[in-house]
Amino acid sequence: HNSSMGSVPRIAVVGGGVSGLVLGKELASRGLHATVFDTGEHACGGRASSREAADKGRHFSFDHSTQYMTCTKGSRFESMAREWAKEGLLAEWPADRVGTLKDGSFTPFDDGVVRYIGAGGLRPLADFLAEGSTEVVRPQWVGAMTPVGGEGPKRRWELASGPRGKPLGTFDFVAISHNGKCALRLAETAKLQDGSPAAAKTRASLQCAFGVRPTEELKKQRKLILSSVWALMFAVDKPLNTKDNMEGAHIVGSEVVSWASNITAKRRHGKDRTDIDGGDTQCWVVHSTPQFARDNKCPQEAIPKSVADSVIAAMTREFERCAGLEPGSVKPVFTKVQLWGAANPLTAASVPAVFDSETRTGACGDWCQGPPSVEAAAESALALADAIEATFCPTTARDPAAAGRLDDAKVKWAPCSGDAAALGAFPGTNVPSMGEITAAPQREGGGGRGGRGG
């Protein structure tokens, strides 16, 4: 695949979550030079990552965000997930071990849907996808993009760590595969010499605000709205007395917690045990509701101890109640909380991906088509890969019309369709929806993207 200049087109992918990693791997497989930039210090993956922890000489590992994934029958993502499973990166989660939990009663799913979990956690999958790109640069912040050349085929982009920052290279196309304020700020640095926007379409698509809110309010929004979620991670040396082989459950009827998972038991369906050093210790993850996260908001990069202690106590107490455990029976030997400041999109742009052939920029993610899921992130990346390939390799592209089709697509914001749980949506199955959200007690500020790898 050669450009008109005779060299391999260089594509910058800014963000190494599922969407960015799939995009990088797809572009490289089609003969383009794909460089993925990611801020993860230990690994890529974004929300599809695992967190390793060490405390007092002991090792723990948690799937602290994405818990499992499902596929729409016949989708390109279904084929992709099957390939990942053949590679030993995904394993099936038996249906009788995952379901819903309400007032101490566990009801397993009985719908015939395949639920995939990361074998050995999600890091092996993220590492596999990262290896498919031409190169991955991390940890690396991309804070500035400057146009050089003219419009259309002449346009190239110089990336840097920030205005007047470290140069990161010159590229023929820039794909922004993360969102939130950081993505918007990057797009806002793209200016022509007269100060006017150099990537207006892409910049407009990245406008955002934070905080879960009532549906009627979401309908009025003309931007991406992102919710927050607290993740409670804890380990216990004495296995919890949960019921009916429950390994994971969407929690119904709680204003505080929305999900609980025994990571230790879940991972036994994949590779060898990887969550802890051994013994009877169990690692658990509990997620809050978006409303609880909104009402207990703080700077996610520097959580005050008083807030952390309050969140841990409230979520642990409510988990015990919902799981039918005796109060105080959770006696952790390790505890940590993380605030995902931008956990899930509540509005979607109603396009497969954002693409602008004139400025040679675009964006992809689960916020494009929605509702948010691993499938939505991957499918958006595939759509953008098709358009980029059609632009630079029109005679050999698998879908030569993809660029024109995506160029013409108009962003139209709307509340995410379908029954999305607090953790997002799970195509092909029904999960408990978030329910209607009450208005915030007071106006809240923004927050950054919480999906950093590692």
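Everything that follows concerns the structure shown earlier in this document.
Report on the accompanying structure.

Turning our eyes to something else, we now look at unusual backbone geometry. Going from Arg138 to Pro139, the amide bond is cis rather than trans, its omega being -10°. Counting through the fold element by element, Pro139 comes out in the loop between β9 (135-137) and β10 (144-148). Look at the link from Gly370 to Pro371: it is a cis peptide, with omega at -15°. Position of Pro371 among the secondary structure elements: in the loop between α10 (366-369) and α11 (374-392). Phi is positive for Lys56, which is not a glycine, with a value near 55°. Assignment of secondary structure puts Lys56 in the loop between β3 (51-55) and β4 (58-62). We classify Lys56 as exposed; its relative accessible area is 79%. Although it is not a glycine, Arg164 adopts a positive phi angle of roughly 60°. Within the secondary structure layout, Arg164 lies in the loop between β11 (156-160) and β12 (167-171).

Turning to the sheet that holds strand β2 (residues 33-37), a few remarks are in order. Read from one edge of the open sheet, 6 strands run β9-β2-β1-β13-β22-β21, paired in mixed fashion. If you trace the sheet from one side to the other, it starts and ends with β9 and β21 (354-356), each paired once. Here the average twist between neighbouring strands, direction ignored, is 15°. Direction of pairing for strand β13 (residues 173-176) relative to strand β22 (residues 361-363): parallel, over a ladder of 3 bridges. Residue pairing for β22: Ile176 is matched across the bridge by Ala363.

Soluble globular proteins tend to bury their nonpolar side chains together. Among the nonpolar cores identified, the biggest contains 48 residues, and Leu23, Trp84 and Ile388 are the most heavily contacted of them. Those elements that place two or more of their residues in this core are β1 (10-14), α1 (18-29), β2, α2 (76-86), α3 (123-132), β13, α11 and α12 (402-408). For this core, the element with the most residues is α11, which contributes 12 residues. Residues in contact with Trp84, not counting those within four places in the same chain, are Val22, Met69, Phe77, Leu89, Leu90, Leu125, Phe128 and Leu129. If you look at the next biggest cluster of nonpolar residues, it comprises 32 residues, including Val14, Ala190, Leu226 and Trp367.

Let us now look at the pattern of salt bridges. Side-chain pairs of opposite charge can arise where the charged atoms are in close proximity. Within the structure shown, the criterion is met by 21 salt bridges. Of the charged contacts, one joins Glu389 and Arg398 as a salt bridge, the two residues approaching to 3.9 Å between their closest N and O atoms. Each of the salt bridges in this network shares a partner with another, and the network as a whole consists of Glu26, Arg30, Arg76, Asp386, Glu389 and Arg398.

Along the chain, Lys331 falls in the loop between α9 (305-322) and β19 (332-345). For Lys331, a relative accessible area of 61% gives the class exposed. Through-space distance from the C-alpha of Lys331 to that of Val236 is 6.1 Å; in sequence the pair is 95 residues apart. Those residues in contact with Lys331 that lie beyond four places of it in its chain are Ala235 and Val236. In terms of polar contacts, Lys331 uses its side chain to reach the backbone carbonyl oxygen of Gly328, at 3.1 Å.

Between its first and last C-alpha, α11 extends 27 Å over 19 residues, near the 27 Å set by a 1.5 Å rise per residue. Most of α11 sits inside the fold, with 18 of its 19 residues counted as buried.

Once that is clear, we can look at the pairing of β2. The buried fraction of β2 amounts to 5 of the 5 residues, a majority that puts the element mostly inside the structure. In β2, alternate side chains face the same way, and those of His33, Thr35 and Phe37 on one face and Ala34 and Val36 on the other are all buried. Where β1 and β2 come together, 5 bridges link them in parallel fashion. Looking across to β2, one finds that Arg10 is bridged to His33. Following the chain from β1 across α1 to the adjacent parallel β2, one finds a crossover that is right-handed.

Quick look at α1 now. Over its 12 residues, α1 extends 16 Å from the first C-alpha to the last, a length consistent with the 16 Å expected when each residue adds 1.5 Å. Burial within α1 is extensive, with 9 of its 12 residues counted as buried. Those residues of α1 not exposed but buried are Val18, Ser19, Gly20, Leu21, Val22, Leu23, Gly24, Glu26 and Leu27. Of the surrounding elements, those touching the buried residues of α1 are β1, β2, α2, α3, β13 and α11. A positive phi of about 90° marks Gly31, the residue just after α1.

Once that is clear, we can look at the state of the cysteines. In a disulfide, the sulfur atoms of two cysteines are held together by a covalent bond. A complete count under the given rule lists 0 disulfides for this structure. No disulfide involves Cys368; its nearest neighbouring cysteine sulfur is the one of Cys364, lying 6.6 Å away. The thiol of Cys416 is unpaired, and the distance to the nearest cysteine sulfur, on Cys368, comes to 11 Å.

The rules behind these values
Residues numbered from 1 in each chain as written. Predicted model: local features only at pLDDT ≥ 70, side-chain atom pairs only at ≥ 80, totals over all residues. Heavy atoms only, no water. Helix = DSSP H or I, 4+ residues; strand = E, 2+ residues; numbered from the N terminus. Buried < 20%, exposed > 50% of the residue type's maximum accessible area, 1.4 Å probe, protein only. Pairing = 2+ DSSP bridges. Axes fitted to C-alpha atoms, helices over the stretch in contact; angles between N-to-C directions. Core = buried A, V, L, I, M, F, W, Y, C linked by side-chain atoms within 4.5 Å. Contact = heavy atoms within 4.5 Å. Salt bridge = Lys/Arg side-chain N within 4 Å of Asp/Glu carboxyl O. Polar contact = N/O pair within 3.5 Å; in protein donor to acceptor, adjacent residues only side chain to side chain. Expected span 1.5 Å × (residues − 1). Right-handed = clockwise from strand over helix to strand, strands pointing away. Disulfide = S-S within 2.5 Å.

No statement about biological role is implied by the geometric values presented.
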